[in-house]
2 protein chains.
Amino acid sequence: MTSKALNNTIDSLNQFFPVFQQEQQHIIQQYFLDHARLVEIDKDINLFHQGDSCENYYFLLQGTVKVITASSQGREILLYRIKPGETCVLSTSCMINDRYYPAVGVTETPCKALSVPVPSLIKLLERSTIINQFFLHNFSLRVASLIDLICEVALERLDVRVARHLLQKMDNQHEVSITHDALALEIGTAREVISRQLRTFEKNGWIVTKRGKITLIQIDTLKQLSQGYFS
Amino acid sequence: MTSKALNNTIDSLNQFFPVFQQEQQHIIQQYFLDHARLVEIDKDINLFHQGDSCENYYFLLQGTVKVITASSQGREILLYRIKPGETCVLSTSCMINDRYYPAVGVTETPCKALSVPVPSLIKLLERSTIINQFFLHNFSLRVASLIDLICEVALERLDVRVARHLLQKMDNQHEVSITHDALALEIGTAREVISRQLRTFEKNGWIVTKRGKITLIQIDTLKQLSQGYFS
DNA sequence: CAGTTGAATGTGATATTGTCACTGAAGCAA
DNA sequence: TTGCTTCAGTGACAATATCACATTCAACTG
């Protein structure tokens, strides 16, 4: 990577390493100068497949990536999203254990990322505690979110989960732009199930649905439901 | 901790830090000398509750601990087991982010562990890359297992999951000593559901059930089922 | 040993969720 | 407009979950 290109992304690096200005600054800067490559990726591109091994490691600068896992039967569920300033814990996990990916990563929007080859990153891990701490933090947050997901999927009612999801995804016009199909994937169920759930919500007057769009009407009721206060 | 007590557990420490004999050996040994306390814990003791903050960190030497999370409705699911030579990623996660536990930890057998206060461990993390790498490995393995669990819970049929579980837990007499209730907790469903599933397995001649014990008869059939080859 | 007690398991009725095989509707492009 | 393609709706049925009990077994008590 050229020095100029690094300078262009040096601000972005700070979002990964807020402690960048310390003793190890030089090591890390030099590392990225030597090994990092700035890549741009279109929408709906597979970054990695189920069964791939991990060869390049991405530091996401722009866009979002969804990480999905699928069963043998074809049903899928969204494990988490990677946002700017984050990395993929799965990549980390695979890198450290030299395993295959147990999931698929797909860009949801056009993305920019810093890409570094895994072997060099492993060497860096042995030298810099800051990098280590960065990865620890990353893991730490994601473990918590994965456990939350397990609770939801294994123990919560579907209507509760749908309500939560809608509230989480609504914009400031109280709208969610998503197809039933996509919502089903995120929640880990089938489209028909979502369709029916939304229809009963609509019958209750809680939401209004259009093609590809859901408008939340009775936000408070949905909030109550999302916290399990309802039958 | 006295030097003698440390010597008693220094072999155990090696199972955590196989690279113990290197440059940082002195730092880590000294750390455990200064801060670690050997604790013995009875069976069925809660190490931490949902909502606790993390004050002591355990390195498990003997016994097993199950980590369970519960919904508001009271249903529970087993997230993972901690075995000797392991630590609790949840503790790590809570320690690093200064969060509350999203789950419960209960000893399944009498346990021995090294206990260290969290603040001191955080300081050690800033000095030793070996400790960092240890935690990274730990996280890394657990993330993979959590993702597997999500796949199972969200996407797999119940009979497949029960079959897998039985195969995993059987001893070399092809027996599993467990109550339906406990099995239900591990799989994240209700006892009645497990009872019915086992009964149909038994009708098919795949297993024989006694009170508190299940004997697997047609192992191959169960293996096929566990891999999803069956309807 | 019989009797009691508590844990473990069985069962039917019903509600929720998932699957399958379709039909219909809305938007887009030629 | 016509023909696509994507998105959504529907009924029938299967699988799983929940509830409210009844039953059985094993261990303990006296």
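Before any of the text, the structure's been laid out above.
A few points on the structure. (Residues numbered from 1 in each chain as written. Chains lettered and ligands numbered in written order. Predicted model: local features only at pLDDT ≥ 70, side-chain atom pairs only at ≥ 80, totals over all residues. Heavy atoms only, no water.)

## Some words on the protein's contact with DNA strand C
Okay, so step 1: Lining the immediate surroundings of DNA strand C are 19 residues, of which Leu158 and Thr189 of chain A together with His180, Arg191 and Arg196 of chain B lie closest.
Okay, so step 2: Considering the 4 Å shell around the protein, atoms of DNA strand C inside it are sugar or phosphate in 47% of instances.
Okay, so step 3: Thr189 of chain A is positioned with one of its side-chain polar atoms (N or O) 2.6 Å from a phosphate oxygen of DNA strand C.
Okay, so step 4: At 3.4 Å, a side-chain N or O of Arg211 of chain A approaches a sugar or linking oxygen of DNA strand C.
Okay, so step 5: Breaking the surface near DNA strand C down by element, the ones donating at least two residues are helix H8 (191–203) of chain A together with helix H8 (191–203) of chain B. (Near = heavy atom within 4 Å. Polar contact = N/O pair within 3.5 Å; in protein donor to acceptor, adjacent residues only side chain to side chain. Helix = DSSP H or I, 4+ residues; strand = E, 2+ residues; numbered from the N terminus.)

## Details of the relation of the copies chain B and chain A
In this arrangement, two copies of a chain are superimposed by a rotation about an axis accompanied by a shift along the axis.
Okay, so step 1: In the superposition of chain B on chain A (RMSD 0.0 Å, axial shift 0.0 Å), the rotation amounts to 180°. Given the turn and translation reported, the copies of this chain are related as if by a two-fold rotation axis. (Least-squares fit on C-alpha atoms with pLDDT ≥ 70 in both.)

## Observations regarding the interface of chain B and chain A
Okay, so step 1: Taken together, the contacts link 39 residues of chain B with 39 residues of chain A.
Okay, so step 2: Taken over both partners, the interface formed by chain B and chain A buries close to 3600 Å², and the fraction arising from carbon and sulfur atoms is 70%.
Okay, so step 3: Its largest share of buried area at the contact with chain A, chain B owes to Leu136, Ile150 and Leu155 of chain B, together 19% of the area lost on that side.
Okay, so step 4: Seen at the junction of chain B and chain A, the total is 0 salt bridges.
Okay, so step 5: Inspection of the chain B/chain A interface yields 8 residue pairs in polar contact (both at pLDDT 80 or more).
Okay, so step 6: When residues of the side of chain B that touches chain A are traced back to their parent elements, those giving at least two are strand S4 (65–70), strand S5 (76–82), helix H3 (89–97) and helix H5 (129–155) of chain B.
Okay, so step 7: The residue makeup of the side of chain B that touches chain A, split by class, is 22 nonpolar, 11 polar and 6 charged. (Contact = heavy atoms within 4.5 Å. Buried area = accessible area lost by both parts, 1.4 Å probe. Salt bridge = Lys/Arg side-chain N within 4 Å of Asp/Glu carboxyl O. Nonpolar A, V, L, I, M, F, W, Y, C, P; charged D, E, K, R; others polar.)

## Description of the environment of Tyr57 of chain A
Residue and element names in this part refer to chain A.
Okay, so step 1: If you trace the backbone, Tyr57 turns up in strand S3 (residues 56–62).
Okay, so step 2: Sequence-wise, Tyr57 and Met95 are 38 residues apart; in three dimensions their C-alpha atoms are separated by 8.4 Å.
Okay, so step 3: Ignoring anything within four residues of it in the chain, the contact list for Tyr57 reads Thr87, Cys88, Ser91, Thr92, Met95, Leu114, Ser115, Val116, Val118, Leu121 and Phe135.
Okay, so step 4: Polar side-chain contacts of Tyr57 include one of 2.9 Å to the side chain of Thr87.
Okay, so step 5: Within polar-contact distance, the side chain of Tyr57 engages the side chain of Thr92 at 2.6 Å.

## Concerning the nonpolar core
One recurring pattern in soluble globular proteins is that nonpolar side chains are buried together.
Okay, so step 1: With 98 residues, the main nonpolar core has Val67, Tyr80 and Phe135 of chain A together with Val67, Tyr80 and Phe135 of chain B as its most contacted residues.
Okay, so step 2: Beyond its immediate sequence surroundings of up to four residues, Val67 of chain B is in contact with Phe48, Ile77, Leu78, Leu79, Tyr80, Ile82, Cys88, Leu90, Ala103, Val104 and Gly105 of chain B. (Core = buried A, V, L, I, M, F, W, Y, C linked by side-chain atoms within 4.5 Å. Buried < 20%, exposed > 50% of the residue type's maximum accessible area, 1.4 Å probe, protein only.)

## Points about the protein's contact with DNA strand D
Okay, so step 1: Not every one of the 19 residues close to DNA strand D is listed here, only the nearest: Arg191, Arg196 and Arg211 of chain A together with Leu158 and Thr189 of chain B.
Okay, so step 2: Close to the protein, within 4 Å, the atoms of DNA strand D are drawn from sugar and phosphate at a rate of 53%.
Okay, so step 3: Thr189 of chain B places a side-chain nitrogen or oxygen 2.6 Å from a phosphate oxygen of DNA strand D.
Okay, so step 4: Between a base oxygen of DNA strand D and a side-chain N or O atom of Arg196 of chain B, the distance comes to 3.0 Å.
Okay, so step 5: Mapped by element, the contributors of at least two residues to the surface near DNA strand D are H8 of chain A together with H8 of chain B.
Okay, so step 6: Per-element accounting of the surface near DNA strand D gives the leading share, 5 residues, to H8 of chain A.
Okay, so step 7: Its residues placed into classes, the surface near DNA strand D shows 2 nonpolar, 6 polar and 11 charged.

## Section: the packing of aromatic side chains
Residue and element names in this part refer to chain B.
Okay, so step 1: The final tally for this structure, using the stated rule, is 17 aromatic pairs over all chains.
Okay, so step 2: Here the aromatic rings of Tyr57 and Phe135 are separated by 5.4 Å at their centres, their planes lie at 80°, and the arrangement is edge-to-face. With Tyr57 in strand S3 (residues 56–62) and Phe135 in helix H5, this pair connects stretches of sequence that are 78 residues apart.
Okay, so step 3: With relative accessibility at 0%, the residue Tyr57 sits in the buried group. (Phe/Tyr/Trp six-rings, centres within 6.5 Å; stacked < 30°, edge-to-face > 60°.)

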